[in-house]
Amino acid sequence: MKQANKTIILGVTGGIAIHKSIDLASQLVKQGYSVHVVMTENATRLVQPIQFQVISRNPVLLDLFDIGSDWKPVHIDLADKADLLAIVPTTANIIGKMANGIADDALSTVAISVHCPILIAPAMEQHMYENPFVAANMQTLKEHGVEFVEPVSGDLASGKQGMGRLNTVEVILERITQMLQTPKDLDGKRVVVTAGPTREYLDPVRFISNRSSGKMGYAVAEAARDRGAEVLLISGPATAAPPTGVETRYIETTLELQDALLEGFDQTDIVVMAAAVADYRPQSFSANKIKKRADQLTLPLEQNPDIAQALGKRKKKGQITVGFAAETDDLLENAQKKLIKKNCDLIIANDVSAEGAGFEGDTNIVTLLDQNGNCEQLPLLSKREVADHILDRVVELILS
Ligand code: CTP
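So, here's what we can say about the structure.

Conventions we followed
- Residues numbered from 1 in each chain as written.
- Predicted model: local features only at pLDDT ≥ 70, side-chain atom pairs only at ≥ 80, totals over all residues.
- Heavy atoms only, no water.
- Pairing = 2+ DSSP bridges.
- Helix = DSSP H or I, 4+ residues; strand = E, 2+ residues; numbered from the N terminus.
- Axes fitted to C-alpha atoms, helices over the stretch in contact; angles between N-to-C directions.
- Contact = heavy atoms within 4.5 Å.
- Salt bridge = Lys/Arg side-chain N within 4 Å of Asp/Glu carboxyl O.
- Buried < 20%, exposed > 50% of the residue type's maximum accessible area, 1.4 Å probe, protein only.
- Right-handed = clockwise from strand over helix to strand, strands pointing away.
- Phe/Tyr/Trp six-rings, centres within 6.5 Å; stacked < 30°, edge-to-face > 60°.
- Lys NZ or Arg CZ within 6 Å of the ring centre and 35° of its normal.
- 1 Å grid on protein atoms, 1.4 Å probe; cavity = no way out; pocket = protein on both sides within 12 Å on 5 of 7 lines; lining within 4 Å.
- Points joined across faces, edges and corners; volume = space filled by probe spheres on them.
- Nonpolar A, V, L, I, M, F, W, Y, C, P; charged D, E, K, R; others polar.

Observations concerning the sheet that holds strand β20 (residues 375–377)
Okay, step 1: Here eight strands make up an open sheet; going across it, the order is β12-β11-β8-β13-β16-β17-β19-β20 and the pairing mixed. Strands with a single pairing partner mark the edges of an open sheet, and in this sheet they are β12 (247–250) and β20. Direction aside, the axes of adjacent strands within the sheet are offset by 15 degrees on average.
Okay, step 2: Two strands pair when backbone bridges link them, and strand β16 (residues 320–327) and strand β17 (residues 346–351) are joined in this way by six bridges, in the parallel orientation. Among the inter-strand pairings, F324 is bridged to a residue of β17, identified as I348.
Okay, step 3: Across the sheet, helix α13 (residues 331–341) touches β16, β17, β19 (366–370) and β20, and the angle it forms with β17 is around 150 degrees.

Given below as structure tokens:
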């Protein structure tokens, strides 16, 4: 696919994972992007600029005072035409400079001059990654909309194992492509996504819950954000990291989820309910820890409200509700029943017992059912890809 009209500034800092940014530059050029590399001085100690120059077929910016023959400062010219600034690898040093508006070399100056989205891919030793000052700087960048390709666990430069290894070129490339190619077809839409499990407390230390990791809902929230929507993510206690650029509200119980969903529902265009909601809660909550007494304990449970069904009744023309049906048997039959009972516009049938589908993993296998009898079966996909398919269908429903 030709991307000739898109310009990427690739910022390269002095991390030991710099070889991955050579590969990344080469892949971006192959995909047709116009790539301009800006290197820090430390990066040039690890790799000669000529390597990036040959790969990118553009001059490498190293020094702001090296302005050549043009009257215009190169970094401003570059910053003006960039569609994306990607810094790979991203050291703790450049993160610290960006979070504090420091511009003392070419890359940090470009970083405060661009008016395009910024993507960073941190890579550092685990202790540096977990250092509270570095963590606070990363949080500042996230709050200001800088996108992250988070590092992974694995071998580090020190020879130790731990968190902080630069993510793979494939993942970074996919993120760049998403950021540059995603259609803004949900621009102006308010989307609410629910995710994760709910917890129903028996006493102050015990609760009934389920295995939901929240990853599917988080992927939908991320995908909706990338398509220009204003997103509210209502999450149970999930293990997944919340996406950046999305307002996240945490709940624990089904009743709290209900309150959070009903508030603002009338102003919401699309609700995607990926949360795994507890259908029952203990009839009574014991303020003190329940003590062990008899051999057996019977816990009376009472039914929670069906929130999806309530929204299905309340929704007005133009509002879209999407439900998930997590099943282990009779997948399509059960999903079809839920589609009707909950008056959803779309139901995502999810056989949680299938290999590669359901809880905790990064992939899913789903079938999309709508009110017109359409039944679209998707192959094994990443949860992010599933999320994009769901939103493609939602956009079609809005337009129909
Ligand atoms: N849901 C809900 N309120 C509930 C239970 C479920 O809003 N009390 C929503 C879920 O978020 C999901 C859809 O309804 O989008 C289907 O959830 P699921 O647990 O598969 O179905 P249930 O209605 O609980 O039916 P069952 O447990 O009998 O399969």
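A few points about the pattern of salt bridges
Okay, step 1: Applying the stated criterion across every chain, the model contains 27 salt bridges.
Okay, step 2: With a shortest N-O distance of 2.7 Å, D104 and K97 are connected by a salt bridge.
Okay, step 3: On the basis of relative accessible area, K97 is assigned to the buried category, the value being 10%.
Okay, step 4: Salt-bridge contacts for R225 lead to D226; the nearest nitrogen and oxygen are separated by 3.0 Å. Each of the two residues, R225 as well as D226, counts as buried.
Okay, step 5: One salt-bridge network, in which partners are shared between bridges, spans E147, R175, D185, E222, R225, D226, R227, R384, D388 and D392.

Some points on the pairing of β16
Okay, step 1: In terms of burial, β16 is largely enclosed, as seven of its eight residues are buried.
Okay, step 2: Sheet topology places strand β13 (residues 270–273) next to β16; four bridges connect them, and they run parallel. Bridging from a neighbouring strand, M273 pairs with G323 of β16.
Okay, step 3: One crossover worth recording links β16 to the parallel β17 by way of α13, and it is right-handed.

Describing the packing of aromatic side chains
Okay, step 1: Across all of its chains, the model carries one aromatic pair by this definition.
Okay, step 2: Sitting above the plane of the F148 ring, K142 keeps its charged end 4.8 Å from the centroid.

Description of the layout of surface pockets
Okay, step 1: In this model, the largest pocket occupies a volume close to 1000 Å³.
Okay, step 2: What lines the largest pocket is a set of 30 residues, among which E150, V171, E222, A241 and D362 lie closest to the centre.
Okay, step 3: Of all the elements in the fold, those that place two or more residues in the lining of the largest pocket are β5 (147–148), α9 (169–181), α10 (215–226) and α14 (383–399).
Okay, step 4: At five residues, α10 tops the list of elements feeding residues into the lining of the largest pocket.
Okay, step 5: Along the wall of the second largest pocket there are 39 residues; nearest its centre are A275, A276, V277, F324 and A326.
Okay, step 6: Elements with a contribution of two residues or more to the lining of the second largest pocket: β8 (190–195), α10, α11 (254–262), α12 (307–314), β16 and α13.
Okay, step 7: A breakdown of the residues in the lining of the second largest pocket according to their chemical character gives 18 nonpolar, 13 polar and eight charged.

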